[in-house]
Amino acid sequence: MPNNEDLAEILDETVKALSDLDSGSLQALEQRIVALAESSESYERDDAGLVLSKKRLLEIVLHNCQVNLDALTRLHARNMRNQWAQ
């Protein structure tokens with residue numbers, strides 16, 4: 001039976017890989033998550049607090065990544081408009 005500490009470790013590694021912009025690690029972590037999701041095993045419900053806190057941290061990091069990506073997209077679009085205007 002997989003335990004919550006394993007899942008929490010994967011979430012920690014995901015946050016680190018996102019922070020480092022490490023696409024190779026993110027792909028490997030995706031494969032690990034898919035394998036866990038496809039297994040018919042369930043997780044311990046007693047100590048879900050650790051996993052939930054890691055999940056919230058990952059959500060914050062993903063939200064911030066999206067905000068930054070949106071800002072870069074706007075800057076790129078503005079730069080492209082300025083190049084055509086000249």
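To be clear, the structure that these remarks concern was listed above.
All of the points below concern the structure found in this document. (Residues numbered from 1 in each chain as written. Predicted model: local features only at pLDDT ≥ 70, side-chain atom pairs only at ≥ 80, totals over all residues. Heavy atoms only, no water.)

## Topic: the layout of surface pockets
- Each pocket or cavity is described by its volume, and for the largest pocket that value is around 190 Å³.
- Looking at the largest pocket, it is lined by 12 residues, and the ones nearest its centre are Ile10, Leu11, Thr14, Leu29 and Ile33.
- Taken together, the elements giving at least two residues each to the lining of the largest pocket come down to α1 (4-20) and α2 (23-38).
- The element that contributes the greatest number of residues to the lining of the largest pocket is α2, accounting for six residues.
- Here the residues of the lining of the largest pocket sort into 10 nonpolar, one polar and one charged. (1 Å grid on protein atoms, 1.4 Å probe; cavity = no way out; pocket = protein on both sides within 12 Å on 5 of 7 lines; lining within 4 Å. Points joined across faces, edges and corners; volume = space filled by probe spheres on them. Helix = DSSP H or I, 4+ residues; strand = E, 2+ residues; numbered from the N terminus. Nonpolar A, V, L, I, M, F, W, Y, C, P; charged D, E, K, R; others polar.)

## Some words on a negative patch on the surface
- A cluster of acidic residues, Glu5, Asp6, Glu9 and Asp47, forms a negative patch on the protein surface.
- Residue placement: Asp6 occurs in helix α1.
- Look at Asp6 and you get partly exposed, because its relative accessible area is 36%. (Patch = residues over 30% accessible without salt bridge, like charges linked within 9 Å, V, L, I, M, F, W, Y side chains within 5 Å. Areas by Shrake-Rupley, 256 points an atom, 1.4 Å probe, with all protein chains shown as cover. Salt bridge = Lys/Arg side-chain N within 4 Å of Asp/Glu carboxyl O. Lys, Arg positive; Asp, Glu negative; His and termini not counted. Charge placed at Lys NZ, Arg CZ, Asp CG, Glu CD. Buried < 20%, exposed > 50% of the residue type's maximum accessible area, 1.4 Å probe, protein only.)

## Some points on the pattern of salt bridges
- In total, this model carries four salt bridges according to the counting rule given.
- Between Asp12 and Lys54 there is a salt bridge, and its shortest N-O distance comes to 3.0 Å. Residue Asp12 is found in helix α1, and its partner Lys54 is found in helix α3 (residues 48-85); the two are separated by 42 residues along the sequence.
- With relative accessibility at 35%, the residue Asp12 sits in the partly exposed group.
- Salt-bridge contacts for Arg32 lead to Glu13; the nearest nitrogen and oxygen are separated by 2.8 Å. Linking Arg32 in helix α2 with Glu13 in helix α1, this pair joins segments that are 19 residues apart in sequence.
- Look at Glu13 and you get partly exposed, because its relative accessible area is 30%.

## A few points about the nonpolar core
- Leu7, Ala8, Leu11, Val15, Leu18, Val51, Leu58 and Val61 form the largest nonpolar core, which has eight residues in total.
- At the level of secondary structure, the elements contributing two or more residues to this core comprise α1 and α3.
- When residues in this core are grouped by element, the largest group, five residues, is from α1. (Core = buried A, V, L, I, M, F, W, Y, C linked by side-chain atoms within 4.5 Å.)

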